[in-house]
Amino acid sequence: MNFEFNRFVEAMFDRSPPYILEHVQLVLIPLGIATAVAFPIGVLLTRPRFRRYTDRVMGIFNAGQTIPPLAVIAVFFPFFGLGYRPALIALTIYALLPIARNTLAGMSSVSPEVKEAARGMGMTEWQILNQVEIPLSLSVVMSGIKTSAVLTAGTAALAALVGGKGMGAVIFAGINFFRMELILAGTLYIAIIALAIDRLLSFIEGRLTPSYMK
Amino acid sequence: MVKIIKGAVHDMIRLEKVYKTFPNTTVPAVDKISFTIEKGNICVFVGPSGCGKTTILRMINRLVEPTGGSIYIDGENIMETDADQLRRRIGYVIQQIGLLPHRTIGQNVGLVPRLLKWPEDRINKRVMELLEIVGLDPRETARKYPYQLSGGQMQRAGVARALAVDPPIMLMDEPFGAVDPIVRGHLQDEFLRLQQEVKKTICFVTHDINEALKMGDYIVVLNAGKLVQKGTPLEMLSDPANDFVKDLIGDDRGVKLLDLTRAESLLQASTSETDKAVRECSCYIDAVQPVKMALEVMMKNNSDVVGIRRGSEVVGTLSWTEIKQHINKISGDQ
Amino acid sequence: MEVILNVINFILNNSSRILEYTINHFSLVFTVLGFSLVLWITVGLLISKYDRYAGSVIGLANIIFVIPSISLFGIFVTIPQLGLGRKSAALALILYAMMPLVRNVYRGVKSVDQSVLESGRGMGMSDTEILFQIQIPMAWPVVFAGIRVTAVMITGMATVATFIGERNLGRLIHHGITRGNEDIIIAGAVVVSLIALMLDFILGKVEKKLTSPGLRQSG
């Protein structure tokens, strides 16, 4: 096996760190945008007026994950060329589905009795949404965002292929030169980044949960 | 009826010193219980949650294996038969019914016959018969799926399924619990009517004492795994064994008794006065009707007496005073 | 637009190569699916019976799933016994299939209503009869959803296997990128996307057909 511990240490502490920040950006930016898009749409789809669009919209989100990410990046090529931007767009599209799906599932699982009681107390639709439905579905939605974060962190490795930088560069270098240390180091950092973002999201979730629900 | 020796033809189900301790518990769920259930009777197990009634029921078809003691069905020790075979000969109805959602009602009802490899046309015929018996439209219902049925309909389908191979014994665990009281009342009445025809040996579990009094030929009261009292509803009401049973029955024991006492048992001779009063308001009840009925008639017609008839012949009267005395006598030993 | 014409042109001119790539792609996908279904459905059934292992097995599947596909491909490639090409790709893909399949089999089996199992046992169904007449039909929709997700996922991930020597549809895209030729990139992307979408669509139809009408309403 092509593995030497020294070179692994070198890979971990010398070769990889420059790419950490790039990779984090490649995860957080698409995640943020995807959440900003998928979450509101998911919420909208649970409103009676828009319920009939659910199948079609979810179909679009589903396509975003069905089409291989590489292809998505490639399809945007003629419009944005290669590089950072198309990679970001592709990753954002890829990140949409888990968030949308979990938002839908979380909101649907709020028991009708609770909503009924709130309505009976005189809360407006908007108040019910903000103070009842969203807090109660928060954990499911967050779980969707976390899933999306992990998927994005992994898929972001492909961004390096199209000039998008990130930890993928280290991994591809490892493949091209047959050096497992590089592959391992790159992978490890991606896992660390994914874990860190997961923790961050849990922290945010904790902050967002009203104290009486903890 | 002569009760001969143990294991006689009339003892359909017999429990001897049956007990059950679940793993990781010290207190037995069922504590050395013995009793018999005679053929053709409905025996109701009643008691608070955790008293062991469901556990005993499920030991009879070995869904729970007894830790000790023996259970005999029709003289055979159930531990000596293969469990699956045993269960195919016992009808089993549970509260949540448990119809297979991915099969039609027809397929559900015909499940055990199919397991026993009956020929298809015999199964179909039997399914149609059964749906009819439980009050469902055979042609309509057979091809529907469970989700298309109401709670009451599903319950009936569950009973039909249990009757499929005409098992001599049926075990029923709160079978009418999942429906509202009105539907429950109807289901109970129809079931009792059905039982008149088929005369099965039935073990029925409920936590509702009123259901027990209504449905049971015999009632077995259980508490914390022990048998507290066994007897007919009349025996329970007139002669409760201890405070626990009294509490279970409730304060209206006397009135409940009226439901079970026939008018003829409190019959008094008519006098000319009573004859006149009764004729004026034309308040009559039949001799075999419950005394409670007499009260209803009295209240409706604002009368103190009713006449008791057998057929068209008036044989006596019953007065409010007499009823009051009877209730006091019963409740007297509070 | 000119781009569309060029793309169509390219596809038509290179149809034999594209066909070769497509066949390779699917032979990889079906090989992987074949092994994965047998292996992971069995594992899923086992952990639904032996609950105490469920947590660790699903945990393991999750950890594997988190590893970027390119990493796993790369790691296997550097192992001499595997090297470039099909063996590494297949092994990695089979490992990725673990998560959706095992998880869905477990969830599907566990989701079967207890009262239906109870009434089945009470009627005298043997363990085998319960497995085949109750558990499998009732777990099937969830299981098949898992199979569908896995099939589409594997198809997508297989494109990345281009980088470790597989001659499949990902290669079109790669060629385009390395040569800076727009048309090839788009052609590759379009073909792959269409195939993935079609697969998902077909499997969706199959899923509907195979689910009992009595189950579609529940859950």
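Parameters and conventions
- Residues numbered from 1 in each chain as written.
- Chains lettered and ligands numbered in written order.
- Predicted model: local features only at pLDDT ≥ 70, side-chain atom pairs only at ≥ 80, totals over all residues.
- Contact = placed C-beta atoms within 7 Å.
- Helix = DSSP H or I, 4+ residues; strand = E, 2+ residues; numbered from the N terminus.
- Nonpolar A, V, L, I, M, F, W, Y, C, P; charged D, E, K, R; others polar.
- Pairing = 2+ DSSP bridges.
- Axes fitted to C-alpha atoms, helices over the stretch in contact; angles between N-to-C directions.
- Expected span 1.5 Å × (residues − 1).
- Bend = angle between axes of the 7 residues up to and from the residue.
- Parallel < 35°, antiparallel > 145°, perpendicular 65-115°, else oblique.
- Left-handed = near helix turned anticlockwise from the far one by under 90°.
- Core = buried A, V, L, I, M, F, W, Y, C linked by C-beta atoms within 7 Å.
- Buried ≥ 20, exposed ≤ 12 C-beta atoms within 10 Å, placed from the backbone.
- pLDDT = per-residue confidence, 0-100.

1. Side note on the interface of chain C and chain B
Consideration 1: Taken together, the contacts link 20 residues of chain C with 20 residues of chain B.
Consideration 2: Looking at the side of chain C that touches chain B, the elements with two or more residues in it are α6 (114-122), α7 (127-160) and α10 (213-216) of chain C.
Consideration 3: Sorting elements by how many residues they give to the side of chain C that touches chain B places α6 of chain C first, with 6 residues.
Consideration 4: The residue makeup of the side of chain C that touches chain B, split by class, is 8 nonpolar, 9 polar and 3 charged.

2. Quick look at the sheet that holds strand β13 (residues 313-319) of chain B
Residue and element names in this part refer to chain B.
Consideration 1: One open sheet accounts for 3 strands, arranged β11-β12-β13; its pairing is mixed. Edge positions in the open sheet fall to β11 (284-286) and β13, since each of these has one partner strand only. Here the average twist between neighbouring strands, direction ignored, is 35 degrees.
Consideration 2: Where β11 lies against strand β12 (residues 305-310), 3 bridges are found, and the strand directions are parallel.

3. Topic: helix α8 (residues 125-155) of chain A
Consideration 1: Helix length check: α8 of chain A, at 31 residues, gives a terminal C-alpha distance of 39 Å against a target of 45 Å (1.5 Å per residue), a shortfall beyond 12%.
Consideration 2: L138 of chain A marks where α8 of chain A bends most, by close to 55 degrees.

4. Re the environment of P210 of chain A
Consideration 1: Its location among the elements puts P210 of chain A in the segment after α10 (180-208).
Consideration 2: Between the C-alpha atoms of P210 of chain A and L136 of chain A, which are 74 residues apart in sequence, the distance is 10.0 Å.

5. A short note on the packing of helix α5 (residues 86-110) of chain C against α7 of chain C
Helix packing geometry: the angle between the two helix axes and the distance between the axes.
All names here are of chain C.
Consideration 1: Between α5 and α7, the shortest axis-to-axis distance is 8 Å and the interhelical angle comes to 160 degrees. Viewed along their axes, α5 and α7 adopt a mutual orientation that is roughly antiparallel. Regarding α5 and α7, the two cross each other, and that crossing is right-handed. Along the contact surface, α5 presents L93, Y96, A97, P100, L101, R103, N104, V105, R107, G108 and V109, while α7 presents Q135, A139, V142, V143, A145, G146, V149, T150, M153, I154, M157 and A158.
Consideration 2: Residues belonging to the contact of α5 with α7 are distributed by class as follows: 16 nonpolar, 5 polar and 2 charged.

6. Some words on the packing of helix α7 (residues 112-120) of chain A against α8 of chain A
Residues and elements named next belong to chain A.
Consideration 1: Between α7 and α8, whose axes approach to 11 Å, the crossing angle comes to 145 degrees. In this structure, α7 crosses over α8, and the sense of that crossing is right-handed. Judged by residue contacts, V114, K115, A118 and R119 of α7 engage I128, V132 and E133 from α8.
Consideration 2: Taken together, the residues of the contact of α7 with α8 break down into 4 nonpolar, no polar and 3 charged.

7. A look at the arrangement of the chains
Consideration 1: For this structure, the chain pair with the highest number of contacts among 2 pairs of chains in contact is chains A and C.
Consideration 2: Contact between chain A and chain B is absent, and the least distance between their C-alpha atoms amounts to 20 Å.

8. Details of the environment of M125 of chain C
Consideration 1: Here M125 of chain C lies in the loop between α6 and α7.
Consideration 2: Beyond its immediate stretch of four places on either side in the chain, M125 of chain C contacts L115 of chain B together with G120, I130 and Q133 of chain C.

9. Description of the nonpolar core
Consideration 1: Judged by nonpolar contacts, the single largest core of 208 residues is most densely connected at V44 of chain B together with F73, L93 and I154 of chain C.
Consideration 2: Not counting chain neighbours up to four residues away, the residues in contact with F73 of chain C comprise S88, A89, A92, V160, A161, F163 and I164 of chain C.

10. Here's the deal with the confidence of the model for chain B
Consideration 1: When pLDDT is averaged along chain B, the result is 86; 96% of the residues meet or exceed 70.
Consideration 2: In the model, residues 1-8 of chain B has pLDDT below 50 throughout and makes 4 contacts with residues more than four positions away in sequence or in other chains.

11. Concerning the sheet that holds strand β10 (residues 226-231) of chain B
Residues and elements named next belong to chain B.
Consideration 1: Pairing within the open sheet is mixed, and its 6 strands lie in the order β6-β7-β8-β3-β9-β10. Sheet topology places β6 (90-94) and β10 at the edges, where each strand pairs with a single neighbour. Ignoring which end each strand starts from, the neighbouring axes of this sheet average 15 degrees apart.
Consideration 2: With 5 bridges joining them, strand β9 (residues 218-223) and β10 adopt antiparallel strand pairing. Residue pairing across strands places V221 opposite Q229, the latter belonging to β10.

12. A short note on unusual backbone geometry
Consideration 1: Positioned with a positive phi, F178 of chain A is a non-glycine residue whose angle comes to about 60 degrees.
Consideration 2: As for its placement among the helices and strands, F178 of chain A is situated in the loop between α9 (168-176) and α10.
Consideration 3: Among the residues examined, F178 of chain A registers 14 C-beta atoms within 10 Å and is labelled partly exposed.
Consideration 4: The phi dihedral of A224 of chain B falls on the positive side, at around 50 degrees, and the residue is not glycine.
Consideration 5: Mapping A224 of chain B onto the fold places it in the loop between β9 and β10.

13. Quick word on the interface of chain C and chain A
When the parts of a complex come together, some accessible area is lost, and that lost area is often taken as the interface size.
Consideration 1: Facing the 33 residues of chain C at the interface are 30 residues of chain A.
Consideration 2: Mapped onto the side of chain C that touches chain A, the elements with two or more residues apiece are α4 (69-77), α7, α8 (170-179) and α9 (182-210) of chain C.
Consideration 3: The dominant element in the side of chain C that touches chain A, judged by the number of residues it contributes, is α9 of chain C, at 10 residues.
Consideration 4: Residue composition of the side of chain C that touches chain A, grouped by class: 21 nonpolar, 10 polar and 2 charged.

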